[in-house]
Amino acid sequence: THLPDTSYTPPTHLPDTSGRCNAFLATWLLKEPLRRRDLLGMAFIVAGVVLLVLGVPQTVVKLTDEVVVSEVLPSPSCWAYLSGLLLAVIALLCGAKRHAHKHPLYNLTLCALIASVTVIAARSFSSMVTLAFQGYAPPAANATTDDSVANASSASGPPPPPLAPPPPPPASYT
């Protein structure tokens, strides 16, 4: 069966302007100041989203549990990312009492680091659920790709003939 590409999510978050609209509405309705750093922050957010969308490779990979176990987890870049993430979270937690109350970005950085794992897990889970509802069945657990088994079966002779179709049902009497 042909399964559609589930690895690409269209950039639906690009037209989401709620944060920018809130900033302008707060300025207009609540008379809050809109500073240059607010505009600069919004520009960085837009630039980051654009870079994120443009940086995603256009590959067709069905993210199944077999792919995660056989390709993602053995990858050194996976373990480098997770190790760096763990060290950064531990470092931020160790300095939280001293610095978090003075620097608002401290807690925001900690939340963003932890949220990155949540995003990866949610993406993996949604891909696997989508494939399950589309009827994707992973290869059988007892299926083997060992060359020695394949060679042994081909050396024993031709494959058995296919099974005959079942006989037609008996004609009904009217």
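The rules behind each value
- Residues numbered from 1 in each chain as written.
- Predicted model: local features only at pLDDT ≥ 70, side-chain atom pairs only at ≥ 80, totals over all residues.
- Heavy atoms only, no water.
- Helix = DSSP H or I, 4+ residues; strand = E, 2+ residues; numbered from the N terminus.
- Buried < 20%, exposed > 50% of the residue type's maximum accessible area, 1.4 Å probe, protein only.
- Contact = heavy atoms within 4.5 Å.
- Areas by Shrake-Rupley, 256 points an atom, 1.4 Å probe, with all protein chains shown as cover.
- pLDDT = per-residue confidence, 0-100.
- Core = buried A, V, L, I, M, F, W, Y, C linked by side-chain atoms within 4.5 Å.
- Salt bridge = Lys/Arg side-chain N within 4 Å of Asp/Glu carboxyl O.
- Patch = residues over 30% accessible without salt bridge, like charges linked within 9 Å, V, L, I, M, F, W, Y side chains within 5 Å.
- Axes fitted to C-alpha atoms, helices over the stretch in contact; angles between N-to-C directions.
- Parallel < 35°, antiparallel > 145°, perpendicular 65-115°, else oblique.
- Left-handed = near helix turned anticlockwise from the far one by under 90°.
- Nonpolar A, V, L, I, M, F, W, Y, C, P; charged D, E, K, R; others polar.

**Quick notes on the overall build of the protein chain**
Scanning the protein chain for helices and strands turns up 7 helices and 0 strands. Secondary structure elements in the protein chain, listed N-terminal to C-terminal, are α-α-α-α-α-α-α. Put simply, the protein chain has 174 residues, and 12% of those count as buried. Across the protein chain, every contact between residues at least 6 apart in sequence was considered, and the portion connecting residues at least 24 apart equals 62%. Here the protein chain displays about 14100 Å² of accessible surface, and carbon together with sulfur accounts for 71% of that area.

**Some words on the confidence of the model for the protein chain**
Here the protein chain shows a mean pLDDT of 74. Residues at 70 or above account for 66%. At the low end of the mean pLDDT range in the protein chain sits helix 7 (residues 147-155), at 48; at the high end sits helix 4 (residues 76-94), at 90. Here residues 1-12 is a poorly scored stretch, pLDDT under 50, and it has 18 contacts once near neighbours within four places are set aside; other chains count. Low pLDDT, under 50, characterises residues 146-154; the stretch is placed with 1 contact to residues that sit more than four places away or in other chains.

**Observations regarding the nonpolar core**
Counting residues in each nonpolar core, the largest one holds 5 residues, listed as Val89, Leu92, Ala100, Tyr106 and Leu110. Elements that contribute at least two residues to this core include exactly helix 4 and helix 6 (104-133). For Tyr106, the residues in contact, after removing those within four places along its chain, are Ala91, Leu92, Gly95, Ala96, His99 and Ala100.

**Some remarks on the pattern of salt bridges**
Under the criterion given, the structure shown has 1 salt bridge. Between Arg35 and Asp38 there is a salt bridge; the shortest N-O distance is 3.8 Å. Relative accessible area serves as the criterion here: at 39%, Arg35 is assigned to the partly exposed category.

**Observations concerning unusual backbone geometry**
At Lys31, a residue that is not glycine, the phi angle is positive and equals roughly 60 degrees. With respect to the helices and strands, the residue Lys31 is situated in the loop between helix 1 (18-29) and helix 2 (36-55). Note on Lys31: relative accessible area 64%, which makes it exposed.

**Quick word on the environment of Leu82**
Examined against the element boundaries, Leu82 turns out to sit in helix 4. Here the alpha-carbon distance between Leu82 and Val117, two residues 35 residues apart in the chain, equals 8.8 Å.

**Let's talk about a nonpolar patch on the surface**
Residues Val69, Leu73, Trp79, Tyr81, Leu82, Val117 and Ile120 make up a contiguous nonpolar surface patch of roughly 610 Å² in combined accessible area. Every element with two or more residues in the nonpolar patch is listed here: helix 4 and helix 6. Ranked by the residues each element gives to the nonpolar patch, the list is headed by helix 4, at 3 residues. Looking at the secondary structure, you find Leu73 in the loop between helix 3 (65-72) and helix 4. By relative accessible area, which is 37% here, Leu73 ends up partly exposed.

**Looking at the packing of helix 4 against helix 6**
Where helix 4 contacts helix 6, the axes come no closer than 10 Å and their chain directions differ by 150 degrees. For the element pair helix 4 / helix 6, the angle class is roughly antiparallel. The element helix 4 and its partner helix 6 pack so that their crossing is left-handed. Where helix 4 approaches helix 6, its residues Tyr81, Leu85, Ala88, Val89, Ala91, Leu92 and Leu93 are matched on the opposing element by Tyr106, Thr109, Leu110, Leu113, Ile114, Ser116, Val117 and Ile120. Among the residues forming the contact of helix 4 with helix 6, the class breakdown is 13 nonpolar, 2 polar and no charged.

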